[in-house]
Amino acid sequence: MRGKFITLEGPDGSGKSTIIKLLDEFLKDKGIDYIITREPGGTEIGEEIRHIILDNDNTNMGPETEALLLAAARAQHVHEKILPAIESGKHVFCDRFTLSSLAYQGVGRGLGIENVKSINDFGLRGVYPDLILFFHVDAELTLERKTGNLEGDRLELEGNLFHKKVYEGYMKLLKLYPKNIEIIDASKSIEEVLEQSIEKVEQIFLERND
Ligand code: TYD
């Protein structure tokens, strides 16, 4: 049986990374066959591309280049890791996927959701998440959690205006492409956020594949 493909999405500062670590412990304890991976990156080639994308020295990078590099890393990820794992019956948990590009590059960088979707679709071989956990915190809280953080990569250090656009982009995408998206209220305590996430994951594990 094919494994499930579960992605985790949300703006910077949504607390996603903390929950992924806790989910990892939960899945391990349950003896579930799974892998956890992340974007940009996830493969050797992808991690090299990640370095180029996030490098603070790359101040000259054009938005189209950024979007294409992300799509290239993602295509390699699907080819080398995600698809083989799903086909061998492993569940795949991925920290960010295409929805991030639609929000950050499509809306944040202003490239247009449809343009970014089409360059991504080319490399995806029809792979679409069975479940997208969207970690929702309102725009103010996201920016508040980020304020004062002077360290960070090229994207994290973008100004508040960029991150506000990304947030609005996500809100638009939830309406445009609601398929398989479950919204997690990430303003709650870590325990509650983890509980909400586990509930959705367990539901998807129970669903049979078509
Ligand atoms: P990362 O350190 O993984 O951040 P986070 O913990 O917030 O996921 O850095 C990834 C950064 O790259 C993050 O700011 C979001 C951004 N990003 C895009 O702009 N487009 C994408 O398609 C992806 C996958 C990430």
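Remember, it's a predicted structure, so these values are computed and weren't measured experimentally. Sequence order as written defines residue numbering, which begins from 1 separately in each chain. Residue-level local features of this predicted model are given only where pLDDT is at least 70; pairs of side-chain atoms are given and counted only at 80 or more, and the full residue set underlies all totals for whole chains, interfaces and linings. Where side-chain values are given, they derive from all heavy atoms of the structure, hydrogens and water being excluded.

A. Structural detail: the packing of helix H3 (residues 63–87) against helix H5 (residues 113–124). Axis separation between H3 and H5 bottoms out at 8 Å; the angle between their running directions is 20°. As far as their axial angle goes, H5 and H3 are roughly parallel. For the element pair H3 and H5, the recorded crossing hand is right-handed. Along the contact surface, H3 presents Ala 67, Leu 68, Ala 71, Arg 74, Ala 75 and Val 78, while H5 presents Ile 119, Asn 120, Gly 123 and Leu 124. Of the residues that constitute the contact of H3 with H5, the class distribution is 7 nonpolar, 2 polar and 1 charged. What counts as an axis is a line fitted to C-alpha atoms, over the stretch in contact for a helix, and the angles between N-to-C directions run from 0 to 180 degrees. In this text, helices come from DSSP runs of H or I with a minimum length of four residues, and strands from runs of E with a minimum of two, each type numbered from the N-terminal end. Throughout, the term roughly parallel applies to angles under 35 degrees, roughly antiparallel to angles over 145, roughly perpendicular to angles from 65 to 115, and oblique to all others. Should the near helix be turned anticlockwise from the far one by less than a right angle, the crossing is left-handed, and should it be turned clockwise, the crossing is right-handed. Here, two residues are considered to be in contact whenever any of their heavy atoms come within 4.5 Å of each other. Just so you know the grouping, Ala, Val, Leu, Ile, Met, Phe, Trp, Tyr, Cys and Pro go in nonpolar, Asp, Glu, Lys and Arg go in charged, and all remaining residues, Gly too, go in polar.

B. Focus on the site of the ligand. Throughout, near means a residue has at least one heavy atom within 4 Å of the molecule or strand. Around the ligand, the surrounding shell holds 17 residues, and the nearest of these are Lys 16, Arg 74, Arg 96, Ser 101 and Gln 105. Here an oxygen atom of the ligand and a side-chain polar atom of Ser 101 are 2.5 Å apart. Per element, the largest residue contribution to the shell around the ligand is 4 residues, and it comes from helix H4 (residues 98–108). Class assignment of the residues belonging to the shell around the ligand gives a composition of 5 nonpolar, 4 polar and 8 charged. Polar contact is defined as a pair of N or O atoms within 3.5 Å, subject to the rule that within protein one atom must be able to donate a hydrogen and the other to accept it, and that residues adjacent in sequence are counted only when both atoms are side-chain atoms.

C. Summary view of the packing of aromatic side chains. To pair, rings of Phe, Tyr and Trp, with the six-membered ring standing in for Trp, must have centres within 6.5 Å; the planes then decide the type, stacked if under 30 degrees apart, edge-to-face if over 60, and tilted in the middle. Enumeration according to the criterion identifies 6 aromatic pairs in this entry. Considering the side-chain rings of Phe 93 and Phe 205, the 6.4 Å spacing of their centres and the 90° angle between planes classify their relative orientation as edge-to-face. One end of the pair, Phe 93, is in strand S3 (residues 91–95); the other, Phe 205, is in helix H8 (residues 190–206), with 112 residues separating them in the sequence. Residue Phe 93 is classed as buried on the basis of its relative accessible area of 2%. Ring geometry for Tyr 104 versus Phe 162: centroids 6.1 Å apart, planes at 55°, classification tilted. Here the residue Tyr 104 occupies a position in helix H4, and Phe 162 occupies one in helix H7 (residues 160–176), the gap between them amounting to 58 residues. By relative accessible area, Phe 162 is classed as buried at 7%. Each member of the aromatic cluster is reached from another via a ring pair, and the members are Tyr 104, Phe 134, Phe 162 and Tyr 170. For a ring to carry a charge above it, either NZ of a lysine or CZ of an arginine must fall within 6 Å of the ring centroid while also lying within 35 degrees of the normal to the ring plane. We note Arg 74 situated over the ring of Phe 97; from NZ or CZ to the ring centre the distance is 5.5 Å. With a 1.4 Å probe rolled over the protein chains alone, any residue whose accessible area is under 20% of its type maximum counts as buried; one over 50% counts as exposed, and the rest are partly exposed.

D. Focus on the side chain of Glu 66. Along the chain, Glu 66 falls in helix H3. With a relative accessible area of 1%, Glu 66 lands in the buried category. Among residues more than four places away in sequence, those in contact with Glu 66 are Ile 53, Met 61, Gln 105, Arg 109, Arg 154 and Leu 155.

E. Broad picture of the pairing of strand S1 (residues 5–9). Among the 5 residues that make up S1, 5 are buried, leaving the element largely enclosed by the rest of the structure. Think of it this way: DSSP has to see at least two bridges between two strands before they count as a pair. Of the strand pairs in this sheet, S1 and S3 are connected by 4 bridges, and their pairing is parallel. The residue of S3 that forms the bridge with Leu 8 is Asp 95. In this sheet, strand S4 (residues 131–136) lies alongside S1 in parallel orientation, the contact comprising 4 bridges. Within the sheet, the bridge partner assigned to Ile 6 lies in S4 and is Leu 131.

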